[in-house]
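As a plain string of letters, each chain reads:
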Amino acid sequence: DAALDSLDSGGDFDTPLQKENTLNDIQHNLLAIWRTNNMRSTKPTPEDEARYGLSVIEETLWDAVPEHYVTVEDALHRIGQPALPIDCKLITLGSWMGGDRDGNPFVTHHVTRRIVYLSMMRAAKLYYQDVEALLWTLSVHAEASQELLTWLKEHETVGVENLSVEVEDREGRQSRFWDFYRSEQTQEEPYRQVLVIVREMLERTIQISEALSNGKPPPQMSGAYFKTTEELTKPFTLMYESLMMTGNKMLARGKLLAILRRLHTFGLHLIRLDIRQESTRHEEVIDAITADLGIGKYTDWPEEKRMEWLTTELKNRRPLIGNRQLWNANVTDNVREVMDTFDVIAACGAEPFGAYIISMTRSASHVLEVHLLQKEAGCTTHLRVAPLFETKEDLINAPGTMLSLFKNEWYRTHFEVVGCKHQEVMLGYSDSAKDAGRLTSVWELYKAQEQLVTMADEYKVPLNLFHGRGGSVGRGGGPQYLAILSQPPGSIRGNLRVTIQGEVIESYFGVRPSCELTFERYTTAVLKATLMPPTPPEAMYRDIMQRMSETSCASYKKMVYETPNFVDYFRSITPEQELKGLNLGSRPAKRGTKGGIETLRAIPWMFSWTQTRLHLPVWFGVGSALQAEVEAGNLDTLKEMYAKWPFFQSTMELIEAVMAKVDIDIVKLYQKELVTPDLVPIGDLVFAELHSTIAHVKMVTGREELLSNNPVVKRMYDVRRPMTDPLNILQVKVLREMRKAANESPEMNESFAATVQGIAAGMGWTG
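Calculation rules
In this numbering scheme, every chain counts its residues from 1 along its sequence in written order. Local features in this predicted model are restricted to residues of pLDDT 70 or higher, and side-chain atom pairs are both shown and tallied only at a pLDDT of 80 or more, whereas totals for entire chains, interfaces and linings draw on every residue. Side-chain measures here rest on the full set of heavy atoms in the structure, leaving out hydrogens and waters. Cavities and pockets are found on a 1 Å grid laid over the protein atoms alone: a cavity is a set of points where a 1.4 Å probe fits but cannot escape, a pocket is an open set with protein on both sides within 12 Å along at least five of seven lines, and a lining residue has an atom within 4 Å of such a point. Grid points are joined across faces, edges and corners, and a volume is the space filled by probe spheres set on the points. The helix count covers DSSP runs of H or I at least four residues long, the strand count covers runs of E at least two residues long, and both are numbered beginning at the N terminus. By the convention adopted, Pro, Cys, Tyr, Trp, Phe, Met, Ile, Leu, Val and Ala count as nonpolar, Lys, Arg, Asp and Glu as charged, and the other residues, Gly among them, as polar. The term disulfide is used for any two cysteine sulfur atoms that are within 2.5 Å. Each residue gets one of three labels from its accessible area relative to the maximum for its type: buried under 20%, exposed over 50%, partly exposed in between, using a 1.4 Å probe on protein chains only. The rule for a salt bridge is simple: a side-chain nitrogen of Lys or Arg has to be within 4 Å of a carboxyl oxygen of Asp or Glu.

(A) Structural detail: empty space enclosed by the protein. Enumeration according to the criterion identifies 7 cavities of 30 Å³ or more in this entry. One number sums up the size of the second largest cavity: a volume of about 60 Å³. If you trace the second largest cavity, you find it lined by Arg 613, Lys 661, Tyr 717, Arg 720, Arg 721, Gly 762 and Met 763. Of all the secondary structure elements, the ones that give two or more residues to the lining of the second largest cavity are helix H32 (711–740) and helix H33 (746–763). The element that contributes the greatest number of residues to the lining of the second largest cavity is H32, accounting for 3 residues. Of the residues in the lining of the second largest cavity, the class split is 2 nonpolar, 1 polar and 4 charged.

Here you go:
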C-alpha cells in the first residue's frame, strides 16, 4: 500500500534510487502473490473464519474508524456544528463468525466461548500497543483533575509497584518502547502514571483471556485486570476530561481521542458476536423440558397454548430444570448443545454478544422460547432477540408475528431485562429470493418494512431493521448507497444494521481507502434517508408492482419448482455438485441431508449460477412481469415509476447491472458440453426469458444499451470479460473430464478450484 501510495502521489520529491526501490517493492509483492498457492487444502473451521474477521479489524478498521470520525467532525465544523461527543457511536460492529450455528454443526458452544476470549485477547493487545505509543505523547508535566488523581490513588495497589520511581521488568515481558529507555517516572507526570497502570492491567487481561480462549484456567495473579469495556474506558475518559480542563485541548483531541473512538466502537472484545440458531432447535429444548415436567409434548401444542405457558414461566422465578446433570443425561446431543450455548452466554455476560437471531421465525412463541431459555440459563441481562423472516410467506406473516409480541403482557415490558431499548427485526434477502425470485423478494421486503414501521410506531417501540444482504445482487447485495435510499419512508431513522458478507469483506474493508469510502457511503445514505426520506409510492405504482410480483413469482416457481427435470438441468449446467468438494467455508451446503433446491442454501444456489455467467435467480420472471404490463399498455407508467420511485429505480438498475454480466455464448457452451439432449428444451425456455428480460428492461430504462448510463461500471465489466472467458472455457473442460472420471485426480480438483476462484473474482462475488 505504501509503495502504491508513493506512486499515486507522483513521487516528485523522490530520488531516482527511491523511485527504483518503490518499483522493486511492488515487483517483490506481485511475485510473492503470484507464487502463493491460495487454494485451501482443508476446509476452514469456524475459528479460521473468525480469525480472518479479526484480522480485517486489526489491519484496516482499527485505524479507519477514528479517521472516519475525523472526517465527520470536519464536515460538521465546516457547517458550524459542534464536535461529536466522545462517547458517540457512529459505527458498531458485529459478527456471525463463531456464533452462527444455523445448520452448521461445527459451531459449538466450545467454539463460541473460544472466539469470545480470542477476541478479547486481540483487543487487549491492540489497546496495549496504543497505550505504549501514548506513553511517548502524554509526557505532560501539569496538574490533573481531582477525578483522575482519585482514580490513580484507587489503582496504585493494582498496577505496578514503585510507581513513581521505576518500572519493573514484568517477568521478561519488558516493553521495547518508552520505559525501556526511560525507567524513571516522576510525580509530575500523572498521565504517564495512569497509562503505566492501564498497560499493566491490559497485560494481565491478555494473559487471562488467552488462557480462557485455549480452554485453560486463568493464571493466578495478584493484580487487577479489565473485565468490561466500561472499566477500560474510564481512565481514558478521565485523562481526556482532565486535559480539556487544564487547557490541553490539542493533546486531548489527538491520539487519546482516537483511542476513545476505538473503545466506543470496538469495546473490549473488538466485535460483538451474534448468536444465530434455527427456531426448531429451540422448540426441541422446550419440548424436552415439558416432557421432563410431565405436562405434555410442547411441539403438539397450538400457538395460543404455547404463548400462555411461555408467558407464565417467564414471569415465574422458579427454574424449570431441577437436576441439570440428570436432565443432560436424558436428552439428545442437539438439545444439550443448545442449552450449553445459553450457559456460555450466561457465563460470559451480555457484553461480548450482539443479538440472538432466530432463523426461520414463524411465530411469536419462537421469540419467547429464546427468552425463556436465557432465563433458565441464568442470564442476568438477556441478549436482544431478533426474529429473522426469510421466505416469502414468513415476510407476509412478519407483521402478525410482531403484533402478537407487542400485545403480549410480558414482552411489552421485557426491555427491562434486555441490554437495549429497541426491537430488532432481521429481514432475509437470500432465502426469500431463492424461494420466490428476486422481484417478489424485494417487494415483499418493502411491504413488510412498511407494516413493521407502522406497527412499531403504534405501540411506541423503537424499531431497528437488520438487512441480511448477501454479496451478490441475487442475495440482496449490490451498491448500498442506492439500496439504502430506496427503503420505505420511515424505515431508516438515524440507524441501519446490515450484513457485509465474507465474500465482499475484502472489497469493502480490505484497505483503508476502501474502509473510508464504505463508511462515508453508509453514513451519507443513512443521514439522507433519515433527513429526506422518499415520498410514499402512489397507489397506481403499488398496484402495478403487486401484479408484477405475482407474475414474476409464478413464472419463477413454474420454472424452478414445477418444470420436470429442472433439478437435473441445474446440476448439469452448473458446477453445483462439484462445488461441494471445495474447501470454501465451514458451513454445509444444505440445511438437511435430503431434498432438492428447497433444502439447498441460498449461497450455493446463487454461487452455482454465477459460475456459468447466467445469474438466473436474479432476473428470471422479471421479463414475464414487465412484458405483461407492457402488453397491458402500462409502459409509460413503468417509465414514470423508474424516474420517480427510488425503490423501483434501484430494483431495475440492479437487475440491469447483472444482465450486463450475463454472457449468453458462455452459457451456451456450458449447455452444449455438459447438458444431455433431453434437457436442452429447458435451456431454450431459460434463454427465451433471458432475451425478454433484457428487452423489457431496456424499454423501461429507455436505454438502447445496458449500463450506458454508468460508463465506469460498464468499462469495469468490459475489462474483466476477456480475462474471465478463458477460465469459463477451462472450467467446462475440467467439469466434463471430472464427470467422466471414475476417480478425480488432485490436479483435476486443483484446476477446477482455480477456475472457480478466477470466475468469482471476475464477477466480483461468489454468489
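(B) Structural detail: the state of the cysteines. A full pass over the atoms with the stated rule returns 0 disulfides. Looking at the unpaired Cys 88, the closest cysteine sulfur is the one in Cys 420, lying at 18 Å. With relative accessibility at 15%, the residue Cys 88 sits in the buried group. Residue Cys 420 stays outside any disulfide, its sulfur separated by 14 Å from that of Cys 379, the closest cysteine.

(C) Up close: the pattern of salt bridges. If you walk through the whole model with that rule in mind, you get 41 salt bridges. For Asp 63, the salt bridge goes to Arg 262, with nearest N and O atoms at 3.1 Å. Linking Asp 63 in helix H3 (residues 46–78) with Arg 262 in helix H9 (residues 249–266), this pair joins segments that are 199 residues apart in sequence. The exposure class of Arg 262 is buried, given its relative accessible area of 8%. For Arg 547, the salt bridge identified is with Glu 629, shortest N-O distance 3.0 Å. Within this pair, whereas Arg 547 is found in helix H22 (residues 539–562), its partner Glu 629 is found in helix H27 (residues 622–631), the two being separated by 82 residues in sequence. Judged by relative accessible area, Arg 547 falls into the partly exposed class, the value being 36%. In this structure Glu 629 comes out as buried when scored by relative accessible area, which is 4%. What you see here is one network of salt bridges that share partners, running through Asp 63, Glu 67, Asp 130, Arg 262 and Arg 512.

What is shown is where atoms sit, not what they do.
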